[in-house]
2 protein chains.
Amino acid sequence: MNIAIVGIGLIGGSTAIRLKETKSFDKIIGVDKNEANQKKALQLGLVDEIMTLEDAVQHSKVILLTTPVDTIMQLAPMILDQVDKQVVIDMGSTKTNILQGIAEHPKRGRYIAAHPMAGTEYSGPEAAIPDLFKGKNMVYVDAFRTDEDAFDIADAITEQLEMKSLFMNAEEHDMHTAYVSHISHLTSFALALTVLEKEKSQGRIFELAGSGFESTVRLAKSSPDMWTPIFKQNRNNVLEVLEEHIKQLQKLHDKLEDQDYEGLYKLIKKSNKIKRIIK
Amino acid sequence: MNIAIVGIGLIGGSTAIRLKETKSFDKIIGVDKNEANQKKALQLGLVDEIMTLEDAVQHSKVILLTTPVDTIMQLAPMILDQVDKQVVIDMGSTKTNILQGIAEHPKRGRYIAAHPMAGTEYSGPEAAIPDLFKGKNMVYVDAFRTDEDAFDIADAITEQLEMKSLFMNAEEHDMHTAYVSHISHLTSFALALTVLEKEKSQGRIFELAGSGFESTVRLAKSSPDMWTPIFKQNRNNVLEVLEEHIKQLQKLHDKLEDQDYEGLYKLIKKSNKIKRIIK
């Protein structure tokens, strides 16, 4: 039984590393439109061979989609057209639009929408690492729309990756990820832009940067190729959370401007409730 | 030779741990207005004994100020009034206002303004940890205003803490810390408030929170007792950076709202330049 990994970057490559360890598949076939990535994936031993998408679909039981989400959006219906008993697993970060696009497809049952809640700020095959997924959540989206045998195959991979399973519908998933993942990237991008701008007039500004700064800005190293499509696919939710976040920043700003230090203290104290969530 | 540590929390306590290791002082005297903190500091062995501020100043060669910055602002001139040949080291996060308050004090030369660029989101004596300062920067502010023998004593402590030294003037320091430390805390506070608000209507929202979210929101666990005074003391710089940051977020928002994905891509790409700064 072979698996095709379409898009051999951080997620695809890290999945490949783990599936090689567990020897779950006879062959891991890589598909990537970028030739440099193809070469690197072979060199790093992430995949056994490179094929075109068409050949890979033909020769695999499982097709794993780990490209940017706009590419998944295009590929999903095309691949389902070529599928018989195979299983297509979409590991992208947004779901609503993509699932709408294949809702009426006769092979819809072969498609599993799954989102591994794991990642780093790095991308490309060289970003792939062992144990990226270990102990993290795999979110299955609209899993009731998937054939039982197809789901079982996907869930066996989730087990190989040593992940826990969660279930959600698409709207819930896309809204929740906007709040606990997409917004974090936007704040990091904006923070990096803010400080890089100031650096132009204040050369030494980064000398004082410590771990707190690094922590809030590290996601700004994330790839625009991956993130622009995520914001595009999840536009409404992302706009909502961004507007709410700007409102909260403006509230902190206004308390400080008005020298209302008791009000500022109360807001900080309230935000401390996040302790309940992150240890 | 004794040292008095005024405010036995994360910074004071972590300094005490290291100075005990290096046996640089005969006795470490703790001063803290909070009785629970006094007890904990003794129990944890951070300090050898607890004294009132007046007694501690009397019995110590070095007085280290590690309270919130509004307390440092009040204490600095009072302590200088009681000082003869002693050395007062201010380890707070803001400097301009405090140094203005003692600019004409006859004992100004005994005062060293130093800011260790190290910390965590935790506070209190139990937050004190070994090696908090190791390899980090100690920023000396307006060091030319300090007597040479007093500076040498402070710098010997910096060496004990295994820190590197940097020199700046007060305005530069307060502006730079606004950009690479204070704003990071404000974005975290605002992000926590944003998501906590949404949780009220969407109970499960935190199930999907991963390491990216944690990274950008962990500073929201920071103490309002410490941070409200920092924002107050550094109000103008903090307002400036906060306004700039909101502007950058609004720019990202507008690109997305206008569906200008090329523009959004370019902004993200530009923010990636932060790679140059953080590895």
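Just so it is clear, the structure is predicted and the values come from calculations on it, not from any experiment. (Residues numbered from 1 in each chain as written. Chains lettered and ligands numbered in written order. Predicted model: local features only at pLDDT ≥ 70, side-chain atom pairs only at ≥ 80, totals over all residues. Heavy atoms only, no water.)

Draft legend 1. Examining helix α7 (residues 170–199) of chain A more closely. All names here are of chain A. Here α7 contains 30 residues, and its C-alpha end-to-end distance of 41 Å stays within 8% of the 44 Å for a straight helix at 1.5 Å per residue. Of all bends in α7, the biggest is about 50 degrees, found at Ala178. Judged by how many residues are buried, α7 sits mostly within the fold: 28 of 30 residues are covered. With a side-chain oxygen lying 3.2 Å from the backbone nitrogen of Glu171, the N-terminal cap of α7 falls on Asn169. (Helix = DSSP H or I, 4+ residues; strand = E, 2+ residues; numbered from the N terminus. Expected span 1.5 Å × (residues − 1). Bend = angle between axes of the 7 residues up to and from the residue. Buried < 20%, exposed > 50% of the residue type's maximum accessible area, 1.4 Å probe, protein only. Polar contact = N/O pair within 3.5 Å; in protein donor to acceptor, adjacent residues only side chain to side chain.)

Draft legend 2. Inspection of the sheet that holds strand β8 (residues 164–168) of chain B at higher detail. Residues and elements named next belong to chain B. One open sheet holds the eight strands; their spatial order is β3-β2-β1-β4-β5-β6-β7-β8, and the pairing between them is mixed. Pairing within the sheet leaves two strands with one partner each, and these edge strands are β3 (49–50) and β8. Relative to strand β6 (residues 111–116), strand β5 (residues 87–90) runs parallel, the two sharing three bridges. Each bridged residue has a counterpart across the sheet, and for Asp90 the counterpart in β6 is Ala113. (Pairing = 2+ DSSP bridges.)

Draft legend 3. Highlighting the interface of chain A and chain B. With 90 residues of chain A in contact, the opposing surface of chain B contributes 90 residues. Contact between chain A and chain B buries roughly 8700 Å² in total, counting both sides, with carbon and sulfur atoms accounting for 68%. Put simply, chain A and chain B have six salt bridges between them. Of the charged contacts, one joins Lys198 of chain A and Glu240 of chain B as a salt bridge, the two residues approaching to 2.7 Å between their closest N and O atoms. Counting across the interface, chain A meets chain B through 33 residue pairs in polar contact (both at pLDDT 80 or more). Here the side of chain A that touches chain B takes 23 residues from α7 of chain A, the largest share from any one element. Looking at the side of chain A that touches chain B, its residues break down into 45 nonpolar, 23 polar and 22 charged. (Contact = heavy atoms within 4.5 Å. Buried area = accessible area lost by both parts, 1.4 Å probe. Salt bridge = Lys/Arg side-chain N within 4 Å of Asp/Glu carboxyl O. Nonpolar A, V, L, I, M, F, W, Y, C, P; charged D, E, K, R; others polar.)

Draft legend 4. Layout of the sheet that holds strand β1 (residues 2–6) of chain A. All names here are of chain A. Pairing is mixed across the open sheet formed by eight strands, whose spatial order is β3-β2-β1-β4-β5-β6-β7-β8. Of all the strands in the sheet, the pair left with one neighbour each is β3 (49–50) and β8 (164–168). Inspection of the sheet shows β1 paired to strand β2 (residues 27–31) by five bridges, in the parallel sense. For Val6, the partnering residue across the bridge sits in β2 and is Val31.

Draft legend 5. View of the pattern of salt bridges. If you walk through the whole model with that rule in mind, you get 38 salt bridges over all chains. One salt bridge in this structure joins Glu199 of chain A and Arg276 of chain B, with 3.0 Å as the shortest N-O distance. Taken as a pair, Glu199 of chain A in helix α7 and Arg276 of chain B in the segment after α11 (261–271) lie in two separate chains rather than in one. Its salt-bridge partner being Asp84 of chain B, residue Lys107 of chain B comes within 3.8 Å of it at the nearest N-O pair. Placement of Lys107 of chain B in the loop between α5 (96–101) and β6 and of Asp84 of chain B in the loop between α4 (69–82) and β5 is noted, with a sequence separation of 23 residues between them. Lys107 of chain B sits in the partly exposed class, given a relative accessible area of 27%. Look at Asp84 of chain B and you get partly exposed, because its relative accessible area is 48%. Salt bridges linked by common partners bring Arg18, Glu21 and Glu162 of chain A together as one network.

Draft legend 6. Examining the UniProt feature "domain: Prephenate/arogenate dehydrogenase" (unreviewed entry) in chain A more closely. Per the UniProt record, "domain: Prephenate/arogenate dehydrogenase" (unreviewed entry) is found at residues 1–279 of chain A. In residues 1–279 of chain A, the share of helix is 51% and the share of strand is 13%. The end C-alpha atoms are 41 Å apart. (UniProt positions renumbered as here; feature names shortened; annotations may be inferred.)

Draft legend 7. Quick peek at the packing of helix α11 (residues 261–271) of chain A against helix α7 (residues 170–199) of chain B. Running from N to C, α11 of chain A and α7 of chain B cross one another at 65 degrees; their axes reach a closest spacing of 8 Å. Crossing of α11 of chain A over α7 of chain B shows left-handed handedness. Of the residues in α7 of chain B, those touching α11 of chain A at Leu267, Ile268, Lys270 and Ser271 of chain A are Phe189, Ala192, Leu193, Leu196 and Glu197 of chain B. A per-class count over the contact of α11 of chain A with α7 of chain B returns six nonpolar, one polar and two charged. (Axes fitted to C-alpha atoms, helices over the stretch in contact; angles between N-to-C directions. Left-handed = near helix turned anticlockwise from the far one by under 90°.)

Draft legend 8. Quick look at the domain arrangement of chain A. Residues and elements named next belong to chain A. Taken domain by domain, chain A comprises domain 1 (2–168) and domain 2 (173–276). Here the C-alpha centre of domain 2 lies 31 Å away from the C-alpha centre of domain 1. Counting from both sides, the interface comprises 17 residues of domain 1 and, opposite them, 16 residues of domain 2. Summed over both sides, the interface between domain 1 and domain 2 buries roughly 1400 Å², with carbon and sulfur atoms accounting for 60% of that surface. Looking at the side of domain 1 facing domain 2, the largest losses of area belong to Ser93, Thr94 and Glu121, adding up to 37% of the total buried there. Breaking the side of domain 1 that touches domain 2 down by element, the ones donating at least two residues are α4 (69–82), α5 (96–101) and β7 (137–141). The greatest single-element share of the side of domain 1 that touches domain 2, amounting to three residues, is contributed by α4. (Domains from an automatic or database assignment.)

Draft legend 9. Looking closely at a negative patch on the surface. Together, Glu243 of chain A together with Asp254, Glu257 and Asp258 of chain B line one region of the surface with negative charge. Topologically, Asp254 of chain B is positioned in helix α10 (residues 235–257). (Patch = residues over 30% accessible without salt bridge, like charges linked within 9 Å, V, L, I, M, F, W, Y side chains within 5 Å. Areas by Shrake-Rupley, 256 points an atom, 1.4 Å probe, with all protein chains shown as cover. Lys, Arg positive; Asp, Glu negative; His and termini not counted. Charge placed at Lys NZ, Arg CZ, Asp CG, Glu CD.)

Draft legend 10. Representation of the UniProt feature "coiled-coil region" (unreviewed entry) in chain A within the structure. With numbering matched to this structure, UniProt assigns "coiled-coil region" (unreviewed entry) to residues 232–262 of chain A. Helix makes up 87% of residues 232–262 of chain A and strand 0%, with an end-to-end C-alpha separation of 40 Å.

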